[in-house]
Amino acid sequence: MQTLQVDSVQRWMEDLRHMTEVECMCVLQAKPIGVDEDSHQGELIVTSGITAGDHVARNNLQTLLRRALVVSTELGKMFQRLEKGRWQRVHSTAVRANCHVRSLVLEYSAARSTPPEMQKYEKSLLEKCMELTNITERCLHTDNEFFLKSMREAIHEILTDVSDSFSNMIDMALANEIRVLIKQIESSDCVQTIGSAISNLLSLTQDGPQLCSIIAKEGAVVALFKICRQDRFRDLYAHALRTVASICCVEEGINQLDK
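How each quantity is defined
- Residues numbered from 1 in each chain as written.
- Predicted model: local features only at pLDDT ≥ 70, side-chain atom pairs only at ≥ 80, totals over all residues.
- Heavy atoms only, no water.
- Helix = DSSP H or I, 4+ residues; strand = E, 2+ residues; numbered from the N terminus.
- Contact = heavy atoms within 4.5 Å.
- Areas by Shrake-Rupley, 256 points an atom, 1.4 Å probe, with all protein chains shown as cover.
- Buried < 20%, exposed > 50% of the residue type's maximum accessible area, 1.4 Å probe, protein only.
- Expected span 1.5 Å × (residues − 1).
- Core = buried A, V, L, I, M, F, W, Y, C linked by side-chain atoms within 4.5 Å.
- Salt bridge = Lys/Arg side-chain N within 4 Å of Asp/Glu carboxyl O.

Draft legend 1. Here's a closer look at the overall build of the protein chain. Tallying secondary structure elements over the protein chain gives 10 helices and 0 strands in all. Starting at the N terminus and walking to the C terminus, you meet the elements of the protein chain as α-α-α-α-α-α-α-α-α-α. Considering only contacts in the protein chain between residues 6 or more positions apart, those separated by 24 or more positions represent 72%. Of the roughly 13,800 Å² of accessible surface on the protein chain, 52% is carried by carbon and sulfur atoms.

Draft legend 2. Broad picture of the environment of Asn 255. Tracing the backbone through its elements, the reader meets Asn 255 in helix 10 (residues 251-258). Residue classification places Asn 255 among the partly exposed positions, given a relative accessible area of 36%. Taking the C-alpha atoms as reference, Asn 255 lies 8.8 Å from Ala 216; in sequence the two are 39 residues apart.

Draft legend 3. The arrangement of helix 6 (residues 191-205) in detail. Relative to the 21 Å expected for 15 residues at 1.5 Å per residue, helix 6 spans 21 Å between its end C-alpha atoms, a close match to the ideal helical length. Buried residues dominate helix 6, accounting for 11 of its 15 residues. Looking at helix 6, one finds that the buried residues are Thr 193, Ile 194, Gly 195, Ser 196, Ala 197, Ile 198, Asn 200, Leu 201, Leu 202, Leu 204 and Thr 205.

Draft legend 4. Inspection of the environment of Ala 97 at higher detail. Note on placement: Ala 97 falls in helix 3 (residues 87-111). Ignoring any residue separated from it by four or fewer positions in sequence, one finds Ala 97 in contact with Glu 74 and Leu 75.

Draft legend 5. Focus on the nonpolar core. The biggest cluster of nonpolar side chains holds 60 residues, and the ones touching the most others in it are Val 101, Phe 166, Met 169, Ile 178, Ile 185 and Leu 201. Only helix 2 (56-84), helix 3, helix 4 (116-138), helix 5 (145-187), helix 6, helix 7 (209-217), helix 8 (220-228) and helix 9 (237-247) provide two or more residues apiece to this core. Look past the residues within four positions of Leu 201 in its chain and what remains in contact with it is Ile 178, Leu 181, Ile 182, Ile 185, Ile 215, Ala 220 and Thr 243.

Draft legend 6. Spatial organisation of the environment of Ile 254. The residue Ile 254 is located in helix 10 in this model. Separated by 41 residues in the primary sequence, Ile 254 and Ser 213 have C-alpha atoms spaced 10.0 Å apart.

Draft legend 7. Main features of the pattern of salt bridges. Taken as a whole and judged by the stated rule, the model has 5 salt bridges. Between Glu 74 and Arg 96 there is a salt bridge, with its nearest N and O atoms 3.3 Å apart. Of this pair, Glu 74 sits in helix 2 while Arg 96 sits in helix 3; the two residues are 22 residues apart in sequence, bridging distant segments of the chain.

Draft legend 8. Helix 7, seen in detail. What helix 7 keeps buried is the set Leu 211, Cys 212, Ser 213, Ile 214, Ile 215 and Ala 216. Where helix 7 terminates, the next one or two residues include Gly 219, which has phi positive at roughly 90°.

Remember that the coordinates give geometry; whether it matters functionally is a separate question.
See the structure below:
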């Protein structure tokens, strides 16, 4: 009885260390995003207004990408360690991934009203991450090979679902932030504001085809061509067309250009 109590306390202490490390990392990663002095430190702040500074939307996107990379890395480690049957490492990685996902989801939801379809992924994702943590902990307390084999298959299936749900949720969050930039282009009459939004879009196209696809799907090509059809924005023509060319490095961009 005494041994079981000691093991439980040790397990709790180890899990607490993983959760604390994740919390510190999340705060450090989120610090550059803060632009509001009244905001809580460490929150992933997303400002919908145009008055928020030229690079806020881009910073929000970059922070999302960094946080997403951390979670994806942890999930990848879980797949590898699961195949090797390293249950101690599998569980510790599950704890870290769970904390990273929960922190990201809660901070983003608190900062912006998320679309209903994205909320569906958030709820499912949090439930599956907690299920992963609980199942991997059970595997630490047995040497039954038959049980561990069945658990390995179950964990692999849940882990695959978590990866897919997380990817879909991040795509929706990125699209949500890109809409902020496109809205600036479509609704503003200020050359400086529109130019800044175009610059941020152009910069984002350099971050890979995934973002280019999302930018195209959100209607950036049409918004940029509307700028090129207005004489008052003549100074922005070259900038807008260069951004269109960068977006059209992916199929979605070419399809928008054809339309």
